[in-house]
Amino acid sequence: MFCWKSNTMISPSKVVLLGCGSYSPVTNMHLRMFEIARDALNKTGRFQVTSGIMSPVSDGYKKKDLVPAKHRCEMLKAALKSTDWIKLDTWECQLSAWSQTAKVLKHFKEQVEIQFGHKPSPSKKRRKQPHSSVSDITQNQIPNIDGESDQVPCVKLLCGGDLLESFAVPGLWEEEDIEYIVGTHGLVVITRSGSDPQKFIYESDILTKFKENIFIVTEWITNDISSTKIRRALKRGESVKYLLQDSVIDYIREHQLYGVPDNKYINHMMPSPNGHTDASVEAEDQSNSSSPAEISVVLRSSPRGGYETSHLTLHRMTTTLDKRASPVTRLMPTHNSNSVPCFSDLGMLVRRVKNVRVGFTPETCV
C-alpha cells in the first residue's frame, strides 16, 4: 500500500499589520517598523502582508504632551503620502474614552471580515459612528486588501519590544486581554536596543503558551527614535530634520505644536508659514545694494506675551566700512521712533545678534 503526498503548495497566510499608539508626533521609526515587519514576514514564505493600519489613540488617553487627535491625524495623513499600503484609520481616536488594545483589535478583525463578506451577527454589529472630530480626514477606512483567494487576513498587532515587556507590569494588562491579543491575533515584535523579548516570553506563562503566535523581528539597522525624544528636542530648540517627514515638520511649524515658537530650526531656518517678507525692508535693501562698503543686519523682536508675525518690530543695524574713517555701527529702527540710535563696534554687534531677548527696544545699547 502506497501513501501519496500532495504536491499542492499551501498559500501563505494573509496578514494585516495594525499599529496602535499616540503618534504624537508620528516619527520615521513608526513608519520604518511597518516596512521591517512586512519584509520579515514575507521572507518566511508563510505570510503575505497585504496592508497596514495606523490607529491613533483617543484623546481620552490623557497622556502628557498628547496633542488633540485632529492634529495627530493630520500629521499621520501627511506622513503616509509616501506609502501606498499603510493607511490611517480614525475609528479609535474618535472614541470619547481610551479603549483597550484588545477592543481595538477586535474592531479591526470585524472590519476585515466584513470586507470579505463575513458579516458579524446582528447582536454584535456596530452602528457606524459619524466622523465628527476629524471630519476632514479622508483616510479613515480599512485599506482594500488585494488577493485572488477568499482567505480572510489575520490582523496582527505590530509593536516594539517595550510593549512585550509591559505585559509583565503588575496590573497594567488584564490576563484575558493578553490571551486574546496573542492567542487570537498574534504579535509582530520589532526588537530595540537593550531589549530581550525571548526572555520575557520565557518568564510569562501566557506568552509561552502562545509563543508560536509571536513573531520576533530583529532590526539590525538600529534607530532609537521616539516621540518622547522628538518632543523634548522641539522644546529645547534642537533640529528634528530627518527624524520626521518634512511634511510633518511643516505641520508642526504651521500649528505651533510642542512649543515650537522657541525653536529656531522650525521658525527661522525654515521658510515662514506666512510666506512673505517685509516689503519696506526689501525696498531698503535694494536701495542700498549699490553701496559695497555697507553691511546691514535686521533684528526681529516681539513684545512680551507671544510670538506672532503681525506683532514683530523691525530694527536695522548698519555698519559703514570706509577706508578713510573708522567703522561705525548704527542701530536704526525701521518704524517711526524718537529713540536715539546706539553705537558700538562691529565685533560686539555680531556677538550680540544671537542673544536678542524678547522686549528688545532701540534704547537698549548693543
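Residues numbered from 1 in each chain as written. Predicted model: local features only at pLDDT ≥ 70, side-chain atom pairs only at ≥ 80, totals over all residues. Heavy atoms only, no water.

Undergrad: Give me the overall build of the protein: which residues, what numbers.
TA: In terms of helices and strands, the protein carries twelve helices and ten strands. Residue pairs at least 24 apart in sequence account for 69% of intrachain contacts in the protein once pairs closer than 6 positions are excluded. When the accessible surface of the protein is summed, it comes to about 21800 Å², and 50% of that surface belongs to carbon and sulfur atoms. (Helix = DSSP H or I, 4+ residues; strand = E, 2+ residues; numbered from the N terminus. Contact = heavy atoms within 4.5 Å. Areas by Shrake-Rupley, 256 points an atom, 1.4 Å probe, with all protein chains shown as cover.)

Undergrad: Quick one: what's the story with helix α8 (residues 227-235), residue by residue and with numbers?
TA: Burial in α8 covers these residues: Ser227, Ile230, Arg231, Ala233 and Leu234. Seen from one end, α8 has its buried residues packed into an arc of 160°, which puts them on one side. Phi turns positive one or two residues past the end of α8, at Gly237, with a value near 75°. (Buried < 20%, exposed > 50% of the residue type's maximum accessible area, 1.4 Å probe, protein only. Arc of directions from axis to C-beta.)

Undergrad: Kindly report on the pattern of salt bridges, identifying the contributing residues and their values.
TA: Taken as a whole and judged by the stated rule, the model has eleven salt bridges. The partner of Glu35 in a salt bridge is Arg38, with the nearest N and O atoms 3.5 Å apart. Here Arg38 and Glu35 lie together in helix α1 (residues 28-44), a separation of three residues that amounts to about one turn. In this structure Glu35 comes out as partly exposed when scored by relative accessible area, which is 26%. Relative accessible area serves as the criterion here: at 24%, Arg38 is assigned to the partly exposed category. We note a salt bridge from Lys241 to Asp246, for which the minimum N-O separation is 3.2 Å. (Salt bridge = Lys/Arg side-chain N within 4 Å of Asp/Glu carboxyl O.)

Undergrad: Which residues make up the packing of helix α3 (residues 101-115) against helix α5 (residues 175-185), and what values do they have?
TA: Packed helices, taken two at a time, are described by their axes: the angle between them and the distance between them. Put simply, α3 and α5 touch, their axes get as near as 9 Å, and they point 35° apart. The two elements α3 and α5 meet at a crossing, and its hand is left-handed. In contact with Thr101, Ala102, Leu105, Lys106 and Lys109 of α3, α5 contributes Asp177, Tyr180, Ile181, Thr184 and His185. (Axes fitted to C-alpha atoms, helices over the stretch in contact; angles between N-to-C directions. Left-handed = near helix turned anticlockwise from the far one by under 90°.)

Undergrad: An account of the packing of aromatic side chains is needed here, citing residue identities and associated values.
TA: Applying the stated criterion to the full structure yields five aromatic pairs. A ring pair is formed by Tyr61 and Trp98, whose centres lie 6.2 Å apart and whose planes are at 35°; its orientation type is tilted. Of this pair, Tyr61 sits in the loop between β2 (47-56) and α2 (69-79) while Trp98 is found in the loop between β3 (86-88) and α3, placing the two residues 37 residues apart along the sequence. Residue classification places Tyr61 among the partly exposed positions, given a relative accessible area of 38%. Given the relative accessible area of 41%, Trp98 is considered partly exposed. Taking the centre distance of 4.8 Å and the plane angle of 80° together, the rings of Phe167 and Trp173 count as edge-to-face. (Phe/Tyr/Trp six-rings, centres within 6.5 Å; stacked < 30°, edge-to-face > 60°.)

Undergrad: Explain α3 residue by residue, including any values.
TA: In this model α3 runs 21 Å from its N-terminal to its C-terminal C-alpha over 15 residues, within 8% of the 21 Å that 1.5 Å per residue would give. Among all positions of α3, only Thr101, Ala102, Val104, Leu105, His107, Phe108, Glu110 and Val112 are buried. Of the surrounding secondary structure, the elements contacted by the buried residues of α3 are β1 (13-21), β2, β4 (154-160) and α5. Two residues or fewer past α3, Gly117 is found with a positive phi of approximately 85°. (Expected span 1.5 Å × (residues − 1).)

Undergrad: Describe the packing of α2 against helix α9 (residues 246-255), listing the residues and the values that go with them.
TA: Here α2 crosses α9 at 150°, and the two axes come no closer than 8 Å. One element, α2, and the other, α9, form an angle in the roughly antiparallel class. The handedness of the crossing between α2 and α9 is right-handed. Between α2, through Lys70, His71, Glu74, Met75, Ala78 and Ala79, and α9, the contact on the second element is made entirely by Ser247, Val248, Tyr251, Ile252 and His255. Across the contact of α2 with α9, the residue classes break down as six nonpolar, three polar and two charged. (Parallel < 35°, antiparallel > 145°, perpendicular 65-115°, else oblique. Nonpolar A, V, L, I, M, F, W, Y, C, P; charged D, E, K, R; others polar.)

Undergrad: How would you explain the nonpolar core if you had to name every residue and give the values?
TA: Grouped together as the largest cluster of nonpolar side chains are 43 residues, with contacts concentrated most on Leu17, Val26, Leu41, Met54, Met75 and Ile252. With 26 residues, the next largest nonpolar core counts Trp91, Ile181, Phe210 and Ile214 among its residues. (Core = buried A, V, L, I, M, F, W, Y, C linked by side-chain atoms within 4.5 Å.)

Undergrad: Could you give me a rundown of the pairing of β1, with the residues and numbers involved?
TA: Relative to β2, β1 runs parallel, the two being bridged by nine bridges. What sits directly across from Val15, in β2, is Val49. In this region the chain leaves β1, passes through α1 and returns to the parallel neighbour β2; the handedness of that crossover is right-handed. Both β1 and β4 contribute to a ladder of five bridges, which runs parallel. Looking across to β4, one finds that Gly19 is bridged to Leu158. (Pairing = 2+ DSSP bridges. Right-handed = clockwise from strand over helix to strand, strands pointing away.)

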